[in-house]
Amino acid sequence: MKRLQNRIAESYLTLPIAAVYCCVVWLIAILHNTTAAVHSETLAIHWPEIVCFAVSVYIIVELNNSNILIRVRSRMVASTFIFLSCMLVSGFQSLQAGICQICIITMLQLLFHTYQNNSLPGLTYYAFLCLGGCSLIYVEYLYYIPLLWILMAGRLQSLSLRTLLASVFGILTPYWLISIWLFYQNDFTPLAEHLKDFGTFTFPADYLSLSLDQWLVFAFLTVTSIAGIIHFWMYSYEDKIRIRQLYGFLTTMTLITLLFIALQPQFYHLFIRVAIVCSSVLIAHLLTLTSTRFTNIMFFVIIGICICITAVNLWMYFLSF
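Bear in mind the structure is a predicted one, so any value in this text is a computation, not a measurement.

Counting through the fold element by element, Tyr-247 comes out in helix H11 (residues 241–263). Using a relative accessible area of 0% as the deciding quantity, one classes Tyr-247 as buried. Taking the C-alpha atoms as reference, Tyr-247 lies 30 Å from Cys-23; in sequence the two are 224 residues apart. Leave out the neighbours within four places in its chain, and Tyr-247 touches Leu-69, Ile-70, Phe-232, Trp-233, Val-281, Leu-282 and His-285.

With that settled, consider the packing of aromatic side chains. All chains considered together, the criterion is met by 22 aromatic pairs. Ring centres of Tyr-141 and Tyr-144 lie 6.5 Å apart, and the angle between their planes is 25 degrees; this geometry places the pair in the stacked category. What makes Tyr-144 buried here is its relative accessible area of 5%. Between Tyr-144 and Phe-271, the aromatic rings sit 5.5 Å apart at their centres with planes inclined by 70 degrees, giving edge-to-face as the arrangement. Here the residue Tyr-144 occupies a position in helix H7 (residues 144–156), and Phe-271 occupies one in helix H12 (residues 268–288), the gap between them amounting to 127 residues.

Our focus in this paragraph is helix H4 (residues 76–86). Of all eleven residues in H4, eleven are buried; the element is thus mostly enclosed. What H4 keeps buried is the set Met-76, Val-77, Ala-78, Ser-79, Thr-80, Phe-81, Ile-82, Phe-83, Leu-84, Ser-85 and Cys-86.

Within the largest apolar cluster, 100 residues are counted, with the highest numbers of intra-cluster contacts made by Leu-131 and Tyr-141. In contact with Leu-131, other than residues within four places in its own chain, are Ile-104, Met-107, Tyr-141, Tyr-144, Ile-145, Leu-148 and Ile-171.

Attention now moves to the pattern of salt bridges. For the coordinates displayed, the defined rule picks out three salt bridges. Note that Arg-71 and Glu-238 form a salt bridge whose closest N and O atoms lie 2.4 Å from each other. Of this pair, Arg-71 sits in the loop between helix H3 (47–67) and H4 while Glu-238 sits in the loop between helix H10 (212–234) and H11, and the two are 167 residues apart along the sequence. Among the residues examined, Glu-238 registers a relative accessible area of 39% and is labelled partly exposed. Residue Asp-239 is joined to Arg-71 by a salt bridge in which the shortest nitrogen-to-oxygen separation is 3.1 Å. Taken together, the positions of Asp-239 in the loop between H10 and H11 and Arg-71 in the loop between H3 and H4 put the pair 168 residues apart, joining distant regions of the chain. The exposure class assigned to Arg-71 is partly exposed, which follows from its relative accessible area of 36%. Each of the salt bridges in this network shares a partner with another, and the network as a whole consists of Arg-71, Glu-238 and Asp-239.

Rules of the game
Residues numbered from 1 in each chain as written. Predicted model: local features only at pLDDT ≥ 70, side-chain atom pairs only at ≥ 80, totals over all residues. Heavy atoms only, no water. Helix = DSSP H or I, 4+ residues; strand = E, 2+ residues; numbered from the N terminus. Buried < 20%, exposed > 50% of the residue type's maximum accessible area, 1.4 Å probe, protein only. Contact = heavy atoms within 4.5 Å. Phe/Tyr/Trp six-rings, centres within 6.5 Å; stacked < 30°, edge-to-face > 60°. Core = buried A, V, L, I, M, F, W, Y, C linked by side-chain atoms within 4.5 Å. Salt bridge = Lys/Arg side-chain N within 4 Å of Asp/Glu carboxyl O.

In short, the description is geometric, and any link to function would need to be established separately.
In structure tokens form, the structure reads like this:
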């Protein structure tokens, strides 16, 4: 029996409506920032961040379509990604974070195409090239390297000596390129400064470094992600083995990322976007493929809470000026 949540999840209008909602949130945040902070600025200066987000949504759509992550025709993966991303109001102005988000989604797209094929060093190289590019912006993204190797071996079954070497070369390529420029400048200080904090952790963790809006996003993402994970593995027998493995990959990425944020909250702004990308698929699966009376109510409760958190974060964002 199809309920209202299923009709919404499978509707072609879901993604356009989510896009309109996103535009409204962005316009409110950006126009207030422009008016309150810098009177001489115009909306045009924010186009790079807007373009980055639009590209991220497009790649998310392709990620879902090319891998058939949801077994019915639905645009809920991209729509869920948009709603979750809109909660990060304070991150709208970060071009660097937007670029990293594109790289992470592209990396996942490339790695998923290596499933059960350990003779594709090219795709592996480009996937880790994306990760290496992220690490040039934020070196902490290098923490994902051993986790990705484990997932390639266990979930994607694509790890071999060739793909392992390709991943290493992919990570190193951005550093080789930047080293050429630094050699020309005869100054390697910027690279040394960039790498010096790698592996530096804070004990005990400084949980006061997170604001209320950040805690709200983290708590909501954690609860909904766990619900999505439990639902998928309860009904995973209905999906193909390949999909189970890809969801296993995304589940591990989500849980490890959320755990790392919980243990080292000072890295929240770096890794919360990775958690959003991975958990979007898990949450969309839950919202699309359930059809009980309880889940129908839960569908609207989740959307309502998401909108409320976005509204609260917009209000707190305004107060910061």
